[in-house]
Structure formats: structure tokens, C-alpha cells
Amino acid sequence: MPDSNNAIELKGVTKRFGSVVANDDVSLSLKKGEILSILGENGSGKTTLMNMLSGIYFPDEGEIFVNGQEVTIRSPKDAYNLHIGMIHQHFKLINVLTAAQNIILGLPGPQRLDMKSVDEKIDELTKKYGFELDPEEKIYNMSVSQKQTVEIVKVLYRGADILILDEPTAVLTPQETERLFEVLRNMKNSGKSIIIITHKLNEVLEISDRVAVLRKGCYVGTVETKRASVESLTEMMVGQKVTLNIDRPDPVNPKPRILVKNLTVRNREGLLALDNVSFDAKSGEILGIAGISGSGQKELLEAIAGLQPIEDGQILYTDPKDNIEDLTKKSAQEIYQMQIRLSFVPEDRLGMGLVGSMGMPGNMMVRSYRNGKGPMTDRKTPADLSKRIVERLDVVTPSIDTPVRNLSGGNVQKVLVGREIASSPVVLMVAYPVRGLDINSSYQIYELLNEQKKKGTAVLCVGEDLDVLLALCDRILVLADGKVTGIVDARTATKEQIGQLMTAGASKKQEA
Amino acid sequence: MNLIITFIQQAIAQGIAILFGATGEIMTEKSGNLNLGIPGIMYMGGISGLMGGFFYELNNDNPNKWVGVLCACLCCAVASAIGGLIFTFLTVTLRANQNVVGLALTTFGTGFGNFFGGSISKMAGGVGQISVATTASGFQTPIPGLSKIPFLGDVLFHYGFLTYSAIIVSLIAAYILKKTRTGLNLTAVGESPQAADAAGINVTKYKYVATITGSVIAGFGGLYFVMEYLGGTWGNNGFGDRGWLAIALVILALWNPANAIWGSLLFGALYIIDIYLPGLTRASQEFVKMSPYVVTIIILIITSKRNRPEQQPPASLGLSYFREDR
């Protein structure tokens, strides 16, 4: 029997996307008037689970109870009617309108807008919970944290009693985070129930009453925050070691290829994304890069590829003939013109890696369009290359001219990796190469990476699955909060050791 | 003095057709639809209104001018609404490219106008023989009394009811956009259909209603031209490029129908100023006729330099919206 003291109760909720199971038989509950953290690595299904509460997805199996009543949530409107409000990671605000206009958007009411009384009602809400917000300010003049405030007030204005916040602190400075937590505590004290999705352990310990942990779509368990520690939560998050049967040949004659010295990078919000990072990547080895997502992995690869402005530090490249080139502050175009064979398989495959509406030859030409005689581009070579990739990598596609966005995730990745290794790279960088792929495709990608390694390529592989990194890589570099917290030998390291390095920053903050 | 009065009257007469078109296009663009079919829809509105009046007068020995006006207005509204419906169905429901559909609709509308214009010319006995004098006189009736005031009456109260309607419709549209819930929601749809959808606004409904309403408003610009300006006759391609001027005026007005009122006067004045400037050769006349477009380009440059978000086109103008597109 569902407990009516629970604001929300999920029972056996399962959600599949094609063959990928995003949530597998998840059961958890949110008590009235508490703050519950949902903790898990990227891809562990936290957001998918919450999207089923906010009406964006519909569960394949399972039951949802709100205040003890079984409910069906088919749209965001249904969720509002149940007084559930979700604050998404990507804000849904209209830039040219004011905060107040955004807040009342789509609400029923008299035709003639009475902004004065709307403003008053907003002021009342902001005063009650301790927000700072000028209802007449335009969104485009606002900082990220102010926009977040608008989103929260929007949900409260619509009468939400249950708030779900998806990674609310990802874009905030520590001071702004502190202020947000203050507001969340005020809301809790006035009886609201709050779910906060996060992967930052120190925040979990600071704000929540209970923590529910998800791992790879499965529910691991819920613990009282009082009884939890960084170590115990890390263990729940990463889980027990799973033995994987991935081939790992020994590196042959490794030579340094990429040397990064004291690299410092700021992201678009001006926050420190990489802080004094130094390491080297050698030929014939796979260097894994581990870390909780958002620790600077993306910026690191993009800085090497020439896509990210560098604030400080140096990136040196040694070619197979032992000539050293300086890649610092070179753009991707300049690196290409220096004839450095650097390949990058980005995390965002269909955004940054491939053009979704084009077929395979067109996508091959993204790299080779400069080749050809005179003003004509060479179309035959890319078409031949596409056919070879289809054959060699078993790409399942109706024809090479099918737009790549119509292919399944695994095949899209094969097209992208196939293109990148076709240029026989000296350095190959891959970000989350198997995200969203099924087991078979994943193993095919591992094999491709190993093949490159045997050819003497220096492979950098950003991954989220520690079991895979431990089985595939030769060395693993661990990033935490943009700093290198360790470089370990993957043959001897343990999962716990890496897990602790990943959260090293968090435990330090705890002590401080 | 007389020359100035004539100039002002002519400028207003030229401006009103453009004002209808611009107001309609602003309402349409506010929903995120860039309807380049407006010039064609104005042709459709014009010829359909003319046909309404023509067949009413043809079948009645003793036609009443106000019944003729009603027939013309109804036919104009229905034809323009169908034009807008074609555009919305293709671009919103079938998600076809808005530019392609718009341009096709303009080509179609112009041909539609010329074809039926030619047909009823033939029925009337030859080119230039169409005359719906009774109905047109209804459209041309000035405000009784007030139009008799010297100077002011000539400048301000000398026009038919469509002229005043154009200004009133623009003011109402401006009020809706700025002050009402519907206007706020409409703005949201044009700026970010994703955000509007998440806020529970029916994006498809808003796009349909705004685009069809906008097309009807624009269609009356064609009707105004045929009835009040030409006095109820038809010349092939007679409407000229006024439809495109209306779309240029949308930019000049910075998507605010109230601005379109003075903008249309400016455009109307620039459109005919070559006749009133003494000493122009044939070539320099054509040069002066470019001025409305030059003004539009200058305004575009200034507003993009100043880069005020409120003065930019709706953020998702020209893009089709599909909820499952992520």
C-alpha cells in the first residue's frame, strides 16, 4: 500500500529507448517536506527518471504515486496539475520578455494583462523564500543564476509543491550555489518537497536529507545523508568491480606524442575548467581520462584539438620523426595545415562530429573537401571510403547515402570513428566512445581503439565507465574539478582508488 | 498649397495598402512564420473583392453600394484566409520550408489575380472595361461633414472607411501584442516555440490563427488598392511591388504595428515623391523610387548595430517547430 506521507513514490519504473534500458525497475520515494538527492554518474538515468515525473517521457512499466494516489502523467500540464514542477538544466525562457512575463506565460486569466499585480505576487514569493529577483528585468540582461531563479519562481507561481531540479548547480559559482541552497532550505521549511539531481558529492552531503543512488539505470539504494560519507556514496555510485573481457595488448616502444604542460582553460561562463593540468600521452598506448562529468574532460580534448581558447600553459606535439611542434593557441584549421594527423571523436556525435542530414560520403568530405583538382572537389574517394567503412566496421545502413541521423547510435559512432581512423592519425582522441551503444557495438569500438594502439597511435579516451577504462587503458588520468588528481597504471589500479581520486576535490572541500 | 494637399493625400493613399500588408505580416511573423506569400495574398484579396463587387453589380439592376461593399469585403476575406491557410498548412502541419512556400504563394497569387482579372475583363467587354462603380463609390465615400472642413478636411477626413480601418487595425494589433495575454503568448511562440510549448501554449493553434488573421488583414490592402485607390477596376500587375514594400515595412517598423503607421506614410511619400520633385529626368525618377528600399537597408544596418534584442526579428522566425525534434 503506498504511504500517504510520501509526496512521490515510484514502483518498478522502467523506461527503454530502443534496445537501451535507461531505467530498470526503479522504486524510490520522496517524503513530504524533505530534500532528496538523486545521485549517479552521467548516463545513470537520473534525468530520464525525473522526466517521467514532469511529463516529458512516459514510463514503459511501473507505477507512480503522488500523495498516495496512483497517477498517470502524460504531459507537462498533467505534472503542473499534480503540483509537480521541474527546473530543467536548459532553461526554457524567452529572452526578450521580462521575468514576470515569462512566469505567467501560457497561464489562463483575463485578456488584459495586469503586470502590476503579477509583480506583486512574484515579490511576495521571492520575499517568502529569500530569492532576489526584479520581475521587470529582461531575461537577456540576466546572469545564469538569475535565469535559474526565474525558472524556480515560475514553477512556484504555478503552485508547485514538489520541485525537481536537474543539476541546478552545474552552471553556478560557489557563492550562487550557497544562495540557492539557502532558498531550497527555506522552501523545505515551508513544506515543499524537493528532489535535486546531482553528481557532486559535497553538495549532496550539504543539502539533502536522504540520498538515492542510481547506477547504470538501476536503483542502488537510499541512505540517510547523516549516515553517509563521500567514501560510502562513491562506493554506491561506482559499484563493485565487474570483470570485462577486453583485449589489452602491451604498448610497443611508447614515445611521447602529446605533452601538456600547466594547461589552464576557462569555460564560456568564465569559470576555471582546467587548472594547471600537466601530462603526456604516448604512442602505442591508450590513456584513459576519468572523472565525474564536467570535471574538464571536454575542455581538455577541445584545447588539444584547437577548439578551446587556452588561458595559460603549453601543448607540445612530437611527430613520428621526433620533430616537436607547438600546438598552443593553434586553431583546428592551423593544426590541419601543419599536417598534424590529430583526430577527434567528440562527445556530441551528430552535433560536432557529423552532419546528420548528409549521407556517409558527404560526412567523409567534411574532412577531405579541400582535396581535389581545381574548383572541383573529389567525390569518388569519399564514396569509396564510405563503402570500405561499411564493410570493415559492419555499419548497418540501407545505403551509404542514407542521412546518418537515421542510423542507430552505434552505427553513427562507427561512421565517425571510421572516418577519423581513415586518416591514420598519430593522435586519436575519443570522448565517451560507447555512450548509448549496446554491448556488441561497444566491443567493436574497443577493438578499433586497440587496433589503432597497435599501429602506434597515441589514443586518449575519455570515459565514464570505470570498469571499461580499467580493462581497456594502459594508464588512467583522473580529473577532479579541472585538476589532475592522479595518473595511475590501469593494470594495477582499483576502482576504489580511482573513485576516491575522482572525488578528491569534494573530500577536500568537506575538510575545509 | 494645393500641391501639398495632393501630395499628402497621395502619400496616404499609397501608404494604406502597404500598411495593411505590413500589419498582417507583423502578426504573422510574431508567430514565427515568415510569410513571403503576402504580396500574392494581397493580389488574391484584391481580385476576389473586385469579383465579389462585380458579380453583385452584374446580377442586380439596381445595386446598393453598401451591399456591394459587404460582398467585396467578404470575398476578399475568404480568399485571403484561404491563402493564409495554404501557407500554414504547408509550413506548420507539413513543415515545408517557409521561404519556398511563401515565394510560390506570391507567384501563385499574382497569377491568380491576373488570370481572374483578365477573365472578368473579358466578361466586361475588354481590357480596362471592368467597372464596379457603385461598390467602389461605397469604398470611396468620405466621412460626411468632417471632410468639408477646409485643409484639415482634405488632408485628414477625405478618405474612405478602409483608410481609417487600416490605422485602427494597426493600433488594435499593437495593443494586442503589448498588453494582452494572447499577445504575450503569441510573442512567446515566435521567439521560442519550445519554451511556449513547455508553458502549455498550443503552438500550432497560435501559428494558424496568427497567420490566417495576418493574411486577411494583408488581403484588405489589395482590396483597398483596387476599390478605393483605383476606383473599382483592374490592370494586370497593377498592384506592382507594394506587397514587397509591405514586407520591407515590417523591418522598418521593428515588428511593432504602431510604428508601421508612420512608416507606411513615409513609404507612401517616398513611393510617389519622384512625381512631385521638379526637374527629374526619367532615369533619376527611377533612382528616387529606390528610396523606400534604401531606407529599409539603412534601418536594418542601424538596428543590427545597436543590437537591442527587442528590435530584432522574432528569434525563431522562419523555423518550423516539431516537438519531438531534440
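Here, residues in each chain are numbered from 1, in the same order as that chain's written sequence. To read the labels, note that chains go from A and ligands from 1, taken in the order they are written. Residues qualify for local features only when their pLDDT is at least 70, as the model is predicted, and side-chain atom pairs are given and counted only at 80 or more; totals for whole chains, interfaces and linings, by contrast, use all residues.

**Regarding the overall build of chain A**
Phase 1: The secondary structure content of chain A amounts to 18 helices and 20 strands.
Phase 2: Every radius of gyration here is taken over C-alpha atoms, with the globule rule written as 2.2 Å times N^0.38, N being the number of residues. Against the globule reference of 24 Å for 512 residues, chain A gives a C-alpha radius of gyration of 25 Å, in line with a compact fold.
Phase 3: When the backbone C-alpha atoms are referred to their principal axes, chain A occupies close to 70 × 55 × 45 Å.
Phase 4: Put simply, a residue is buried when 20 or more other C-beta atoms lie within 10 Å of its own C-beta and exposed when 12 or fewer do; between those, it is partly exposed, and each C-beta is set from the backbone. Out of the 512 residues belonging to chain A, those deemed buried represent 47%. Strands here mean DSSP runs of E at least two residues long; helices mean DSSP runs of H or I at least four residues long; both are numbered from the N terminus.

**Section: the nonpolar core**
Phase 1: A:Leu233, A:Met429, A:Ile476, B:Tyr224 and B:Leu249 are the most contacted members of the largest nonpolar core, which totals 232 residues.
Phase 2: The leading source of residues in this core is helix α10 (residues 203-229) of chain B, at 15 residues.
Phase 3: Those residues in contact with B:Tyr224 that lie beyond four places of it in its chain are B:Ile16, B:Ala17, B:Phe20, B:Leu162 and B:Tyr229. Any set of buried Ala, Val, Leu, Ile, Met, Phe, Trp, Tyr and Cys residues joined through C-beta atoms within 7 Å is what this text calls a nonpolar core. In this description, any two residues whose backbone-derived C-beta atoms lie within 7 Å of each other are considered to be in contact.

**Section: the domain arrangement of chain A**
Phase 1: Partitioning chain A into domains gives domain 1 (6-238), domain 2 (242-341 + 424-512) and domain 3 (353-423).
Phase 2: Domain delimitation follows an automatic or database domain assignment. Here domain 1 of chain A and domain 3 of chain A have C-alpha centroids that lie 41 Å from each other.

**Observations concerning helix α5 (residues 144-157) of chain A**
Residues and elements named next belong to chain A.
Phase 1: The terminal C-alpha atoms of α5 lie 20 Å apart, and with 14 residues this matches the ideal 20 Å at 1.5 Å per residue to within 8%.
Phase 2: Here α5 has its buried residues at Gln-148, Thr-149, Val-150, Glu-151, Ile-152, Val-153, Lys-154, Val-155 and Leu-156.
Phase 3: Residues of α5 that are buried make contact with β6 (84-87), α3 (99-104), α4 (115-129) and β7 (162-166).
Phase 4: Just downstream of α5, Gly-159 is the residue with a positive phi angle, here 85 degrees. Here the expected span of a helix is defined as 1.5 Å times the quantity of residues minus one.

**What about the sheet that holds strand β16 (residues 342-345) of chain A?**
Residue and element names in this part refer to chain A.
Phase 1: Strand order in the open sheet formed by 6 strands is β16-β17-β18-β13-β19-β20, and the pairing between neighbours is mixed. The open sheet is flanked by β16 and β20 (483-489), the only strands paired with a single partner. If you compare each strand with its neighbour and ignore which way they point, the axes differ by 15 degrees on average.
Phase 2: Across 5 bridges, strand β17 (residues 427-431) lies against strand β18 (residues 458-462) in parallel orientation. Across the sheet, residue Val-427 finds its bridge partner in β18, namely Ala-458.
Phase 3: Axes here refer to lines fitted to C-alpha atoms; in helices the fit is confined to the stretch in contact. Angles between the N-to-C directions go from 0 to 180 degrees. Sheet strands touched by helix α9 (residues 297-305): β13 (286-290), β16, β17, β18 and β19 (475-480). Its angle to β17, the strand with the most contacts, is close to 150 degrees.
Phase 4: Running at roughly 30 degrees to β19, helix α17 (residues 495-502) makes contact with β13, β19 and β20 of the sheet. Paired strands are those between which DSSP finds at least two bridges.

**Overview of the sheet that holds strand β11 (residues 256-266) of chain A**
Residues and elements named next belong to chain A.
Phase 1: In spatial order, the strands read β12-β11-β14-β15; together these 4 strands make up an open sheet with antiparallel pairing. The open sheet is flanked by β12 (272-282) and β15 (324-326), the only strands paired with a single partner. Ignoring strand direction, the axes of neighbouring strands in this sheet form an average angle of 20 degrees.
Phase 2: Summarising the sheet, β11 and strand β14 (residues 312-318) pair through 5 bridges and their orientation is antiparallel. Looking at the pairing, Leu-259 lines up with Leu-316 of β14.
Phase 3: Relative to β12, α9 is tilted by about 65 degrees, and along the sheet it contacts β11, β12 and β14.

**Overview of the interface of chain B and chain A**
The extent of an interface is frequently quoted as the accessible surface area lost upon association of the parts.
Phase 1: Counting residues at the interface gives 20 residues for chain B and 16 residues for chain A.
Phase 2: Of all elements in the fold, only α8 (181-191) and α9 (193-198) of chain B reach the threshold of two or more residues within the side of chain B that touches chain A.
Phase 3: Here the side of chain B that touches chain A takes 7 residues from α8(B), the largest share from any one element.
Phase 4: Lys, Arg, Asp and Glu make up the charged group, whereas Ala, Val, Leu, Ile, Met, Phe, Trp, Tyr, Cys and Pro make up the nonpolar group; the residues left over, Gly among them, are polar. Class assignment for the residues of the side of chain B that touches chain A results in 9 nonpolar, 7 polar and 4 charged.

**Thoughts on the confidence of the model for chain A**
Residues and elements named next belong to chain A.
Phase 1: Confidence per residue, as judged by the predictor, is encoded in pLDDT with a range of 0 to 100. Counting all residues, the mean pLDDT for chain A is 87, and 97% of those residues have values of 70 or more.
Phase 2: Per-residue pLDDT, averaged within each element of chain A, yields its smallest value for helix α18 (residues 504-511) (49) and its largest for α3 (95).
Phase 3: Across residues 507-512 the pLDDT falls below 50, and counting only partners more than four positions away or on other chains, this stretch makes 5 contacts in the model.

**Section: the pairing of strand β1 (residues 6-17) of chain A**
All names here are of chain A.
Phase 1: Pairing of β1 with strand β2 (residues 20-31) involves 8 bridges; the strand directions are antiparallel. Considered in β2, the bridge of Val-13 is made with Val-26.
Phase 2: What sits between β1 and β2 in their antiparallel hairpin is a turn of 2 residues, with Gly-18 showing a positive phi close to 60 degrees.
Phase 3: Bridge count for β1 against strand β4 (residues 61-66) is 5 bridges, and the pairing is antiparallel. Counterpart to Glu-9 in the pairing with β4 is Phe-65.

**Examining the environment of A:Ile164**
Residue and element names in this part refer to chain A.
Phase 1: With respect to the helices, strands and loops of the structure, Ile-164 is situated in strand β7.
Phase 2: Judged by the 28 C-beta atoms lying within 10 Å of it, Ile-164 is buried.
Phase 3: Considering only alpha carbons, one finds Ile-164 and Ile-195, 31 residues apart in sequence, at a separation of 4.7 Å.
Phase 4: With sequence-adjacent residues up to four places away left out, Ile-164 is seen in contact with Met-50, Leu-53, Ser-54, Ile-84, Met-86, Ile-87 and Ile-195.

**Here's the deal with unusual backbone geometry**
Residues and elements named next belong to chain A.
Phase 1: The phi dihedral of Asp-25 falls on the positive side, at around 50 degrees, and the residue is not glycine.
Phase 2: In this fold, Asp-25 is placed in strand β2.
Phase 3: For Asp-25, a count of 14 C-beta atoms within 10 Å gives the class partly exposed.
Phase 4: Although it is not a glycine, Asn-253 adopts a positive phi angle of roughly 50 degrees.

**Some points on the packing of helix α3 (residues 65-93) of chain B against α10(B)**
All names here are of chain B.
Phase 1: Between α3 and α10, whose axes approach to 7 Å, the crossing angle comes to 140 degrees. The angle between α3 and α10 falls in the class oblique. The element α3 and its partner α10 pack so that their crossing is right-handed.
Phase 2: For the contact of α3 with α10, the residue count by class is 15 nonpolar, 9 polar and 1 charged. Reported orientations rely on four angle classes, namely roughly parallel under 35 degrees, roughly antiparallel over 145, roughly perpendicular from 65 to 115, and oblique for the rest. Whether a crossing is left-handed or right-handed is set by the direction in which the near helix is turned from the far one by less than a right angle, anticlockwise for left-handed and clockwise for right-handed.

**Looking at the environment of A:Ser29**
Residues and elements named next belong to chain A.
Phase 1: Mapping Ser-29 onto the fold places it in strand β2.
Phase 2: Of the residues examined, Ser-29 has 19 C-beta atoms within 10 Å and is grouped as partly exposed.
Phase 3: Considered as a pair, Ser-29 and Asp-465 are 436 residues apart in the sequence and their alpha carbons are 27 Å apart.
Phase 4: Look past the residues within four positions of Ser-29 in its chain and what remains in contact with it is Asn-6, Ile-8 and Glu-9.

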